[in-house]
Amino acid sequence: LQMLHDAAVAFGAAHQELHAVRTQLEHLAHTDTLTGLANRRMFEIHANQSFEHARRYQEAVSVILFDIDHFKRINDQYGHEGGDIVLGDLGMFLKMSVRGADRPAARIGGEEFALFLSHAPAEVAHQTAERLRKGIAALKITLPSGESLQFTASMGVAQCTADDADLQALIRRADLALYQAKHNGRNRVELAT
């Protein structure tokens, strides 16, 4: 009987350990480890669900795409360690600035980020992007060497329209607006037409 009890206790401990490892792996599968933000996969899963819900109930939703201006220069001047610190600090800023389950910020590529806004017409999304742009420009990053640096971001905003057949169409329009922001001088927000 003692052997059965010991085996049951060991099995229970192994089950708890397996559950903890599974939870950690799920977190790693959905999180960008450098920034602590959602990764592209998690962004697309969440945004697709929210997009479909919004289409069904005819709610306004928007996407903000942005990236760090001249990020290659940061890496060239401060090394990849400096670039990683910038990305990590930007991740902390975004987590503090964008709260709520309907607004998870995500790192979707090297220095590219995305934000899906539920219940947000273009005007609200534009205001959110402008607030983030100003906040990013005000960040002061201190490197291990003691040097400090600042950087800016360019942003593209798109509100879902009847012509957006799916999330990818909405993202493409936000991406075009982001390209326009870079073309028009960077450190600015452009609204998709």
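Owing to the predicted nature of the structure, the values given are computational and were not obtained by experimental measurement. (Residues numbered from 1 in each chain as written. Predicted model: local features only at pLDDT ≥ 70, side-chain atom pairs only at ≥ 80, totals over all residues. Heavy atoms only, no water.)

Concerning unusual backbone geometry
Piece 1. We note that Q58 has phi near 55°; this positive angle belongs to a residue other than glycine.
Piece 2. Following the sequence through the fold, Q58 ends up in the loop between α2 (40–57) and β2 (62–68).
Piece 3. Backbone geometry places R186, a non-glycine residue, at a positive phi of 65°.
Piece 4. Within the element layout of this structure, R186 appears in the loop between α5 (167–183) and β8 (189–191).
Piece 5. According to the relative accessible area criterion, R186 is partly exposed, its value standing at 28%. (Helix = DSSP H or I, 4+ residues; strand = E, 2+ residues; numbered from the N terminus. Buried < 20%, exposed > 50% of the residue type's maximum accessible area, 1.4 Å probe, protein only.)

Quick notes on the side chain of S154
Piece 1. For S154, the location among the structural elements is in strand β7 (residues 153–159).
Piece 2. Looking at S154, the relative accessible area reads 0%, which means it is buried.
Piece 3. Polar side-chain contacts of S154 include one of 2.5 Å to the side chain of D69.
Piece 4. A polar contact of 3.2 Å, which involves the side chain of S154, links it to the backbone nitrogen of N187. (Polar contact = N/O pair within 3.5 Å; in protein donor to acceptor, adjacent residues only side chain to side chain.)

Examining empty space enclosed by the protein
Piece 1. A full pass over the atoms with the stated rule returns one cavity of 30 Å³ or more.
Piece 2. Here the largest cavity defines a volume of roughly 30 Å³.
Piece 3. Every residue along the wall of the largest cavity is listed here: R40, F43, E44, L65, I108 and I171.
Piece 4. The greatest single-element share of the lining of the largest cavity, amounting to three residues, is contributed by α2.
Piece 5. Taken together, the residues that form the lining of the largest cavity break down as four nonpolar, no polar and two charged. (1 Å grid on protein atoms, 1.4 Å probe; cavity = no way out; pocket = protein on both sides within 12 Å on 5 of 7 lines; lining within 4 Å. Points joined across faces, edges and corners; volume = space filled by probe spheres on them. Nonpolar A, V, L, I, M, F, W, Y, C, P; charged D, E, K, R; others polar.)

Describing the pattern of salt bridges
Piece 1. In total, this model carries seven salt bridges according to the counting rule given.
Piece 2. Salt-bridge contacts for D76 lead to K72; the nearest nitrogen and oxygen are separated by 2.9 Å. Within this pair, D76 and its partner K72 are both found in helix α3 (residues 71–97), separated by four residues, close to a single helical turn.
Piece 3. Owing to a relative accessible area of 55%, D76 belongs among the exposed residues under this scheme.
Piece 4. Across the pair E130 and R133 runs a salt bridge whose closest N-O atoms are separated by 2.4 Å. Remark: R133 and E130 occur in helix α4 (residues 122–138); sequence separation between them is three residues, near one turn of the helix.
Piece 5. What makes R133 buried here is its relative accessible area of 12%. (Salt bridge = Lys/Arg side-chain N within 4 Å of Asp/Glu carboxyl O.)

Concerning the layout of surface pockets
Piece 1. Its boundaries defined by the atoms lining it, the largest pocket holds a volume of some 200 Å³.
Piece 2. Along the walls of the largest pocket sit 12 residues, with G36, L37, A38, P104 and A105 positioned nearest its centre.
Piece 3. Mapped by element, the contributors of at least two residues to the lining of the largest pocket are α2 and α3.
Piece 4. In terms of residue count, the dominant contributor to the lining of the largest pocket is α2 (three residues).
Piece 5. When grouped by side-chain class, the residues that make up the lining of the largest pocket number eight nonpolar, two polar and two charged.

Focus: the pairing of β7
Looking along a regular strand, one sees the side chains alternate between the two faces of the sheet.
Piece 1. With six of seven residues buried, β7 lies mostly within the body of the structure.
Piece 2. Relative to β7, β2 is paired through seven bridges, and the arrangement is antiparallel. Bridged to I64 within β7 is V157. (Pairing = 2+ DSSP bridges.)

Some words on the packing of aromatic side chains
Piece 1. Enumeration over the complete set of coordinates arrives at one aromatic pair.
Piece 2. Relative to F113, the ring of F66 has its centre 5.4 Å away and its plane inclined at 15°; by these criteria the two rings are stacked. Separated by 47 residues along the polypeptide, F66 in strand β2 and F113 in strand β4 (residues 112–117) bring together distant segments of the chain. Each member of the pair, F66 together with F113, is buried. (Phe/Tyr/Trp six-rings, centres within 6.5 Å; stacked < 30°, edge-to-face > 60°.)

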